[in-house]
Amino acid sequence: AYGYDSYNGYVTTSTNHLISTSQAPVRVVKRRNTANKKERRRTLSINTAFSSLRNRIPNVPSDTKMSKIKTLKLAILYIEYLGKILDGGQDPSNEFKAELKPLSRRSHSERKALQKNELQVIKKNIHKI
């Protein structure tokens, strides 16, 4: 981001400001340190939020290490569970089970058939409008 002018002993910044070469490294280090501090605060904030979210998902042992993606997926399942309770479609006495079911792998032909069926349903619904 800096252009060096060896004849005059100045550095041109990306915003075309001239600063002496003796000041350039100091500014770069200060800017980098500031960026690093911001990134550490941001990371800490995200990790704290994920920790808080993990603590709100029931029936997960406290010693269980969960990735961020697993935490998000379980949170989604828990929100869906709560929504079903509110809609009356879920008995609240059946506790939420904090487990992810493995996704079934479909073959290419099965995916194509599903897509074809979905397109037919969409076309039928469009014609009704």
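Here the structure is shown first, and the text comes after it.
Residues numbered from 1 in each chain as written. Predicted model: local features only at pLDDT ≥ 70, side-chain atom pairs only at ≥ 80, totals over all residues. Heavy atoms only, no water.

**Observations regarding the overall build of the chain**
Right, so step 1: In terms of helices and strands, the chain carries three helices and three strands.
Right, so step 2: In sequence order, the chain lays out its α and β elements as β-β-β-α-α-α.
Right, so step 3: Buried positions account for 9% of the 129 residues belonging to the chain.
Right, so step 4: Counting contacts in the chain only where the partners sit at least 6 residues apart, residues at least 24 apart contribute 21% of the total. (Helix = DSSP H or I, 4+ residues; strand = E, 2+ residues; numbered from the N terminus. Buried < 20%, exposed > 50% of the residue type's maximum accessible area, 1.4 Å probe, protein only. Contact = heavy atoms within 4.5 Å.)

**A closer look at helix α2 (residues 68-87)**
Right, so step 1: Helix length check: α2, at 20 residues, gives a terminal C-alpha distance of 29 Å against a target of 28 Å (1.5 Å per residue), a fit within 8%.
Right, so step 2: Taken from the residues just after α2, G88 is the one with a positive phi, measuring 85°. (Expected span 1.5 Å × (residues − 1).)

**Thoughts on a positive patch on the surface**
Right, so step 1: On the surface, K37, K38, R40 and R41 cluster together to form a positively charged patch.
Right, so step 2: On the secondary structure map, R40 appears in helix α1 (residues 24-56).
Right, so step 3: A relative accessible area of 53% places R40 in the exposed class. (Patch = residues over 30% accessible without salt bridge, like charges linked within 9 Å, V, L, I, M, F, W, Y side chains within 5 Å. Areas by Shrake-Rupley, 256 points an atom, 1.4 Å probe, with all protein chains shown as cover. Salt bridge = Lys/Arg side-chain N within 4 Å of Asp/Glu carboxyl O. Lys, Arg positive; Asp, Glu negative; His and termini not counted. Charge placed at Lys NZ, Arg CZ, Asp CG, Glu CD.)

**Side note on a nonpolar patch on the surface**
Right, so step 1: There is a patch of nonpolar side chains on the surface, built from L119, I122 and I126 and spanning about 300 Å² of accessible area.
Right, so step 2: Along the chain, I126 turns up in helix α3 (residues 108-128).

**Some remarks on the packing of aromatic side chains**
Aromatic rings in a pair are described by how distant their centres are and how their planes are angled relative to each other.
Right, so step 1: Here the structure, examined in full by the defined rule, presents three aromatic pairs.
Right, so step 2: With a centroid separation of 6.1 Å and an interplanar angle of 15°, the aromatic rings of Y78 and Y81 are classed as stacked. Placement of both Y78 and Y81 in helix α2 is noted, with a separation of three residues, approximately one turn of the helix.
Right, so step 3: When its relative accessible area of 12% is taken as the criterion, Y81 is described as buried.
Right, so step 4: For the ring pair Y81 and F96, a centre distance of 5.5 Å and an interplane angle of 55° mean the geometry is tilted. Highlighted residues: Y81 in helix α2 and F96 in the loop between α2 and α3, separated in sequence by 15 residues.
Right, so step 5: Within the aromatic cluster, the residues linked to one another by ring pairs are Y78, Y81 and F96. (Phe/Tyr/Trp six-rings, centres within 6.5 Å; stacked < 30°, edge-to-face > 60°.)

**Section: the nonpolar core**
Right, so step 1: One finds I57, M66, L74, A75, Y81 and F96 forming the largest nonpolar core, which totals six residues.
Right, so step 2: Those residues in contact with A75, other than ones at most four positions away along the chain, are L53 and I57. (Core = buried A, V, L, I, M, F, W, Y, C linked by side-chain atoms within 4.5 Å.)

**Re the side chain of T71**
Right, so step 1: With respect to the helices, strands and loops of the structure, T71 is situated in helix α2.
Right, so step 2: Within the structure, the side chain of T71 is placed 2.8 Å from the backbone oxygen of S67, a separation counted as a polar contact.
Right, so step 3: Once residues lying within four places of it in the same chain are set aside, the contact partners of T71 are F50, L53, R54, I57 and M66. (Polar contact = N/O pair within 3.5 Å; in protein donor to acceptor, adjacent residues only side chain to side chain.)

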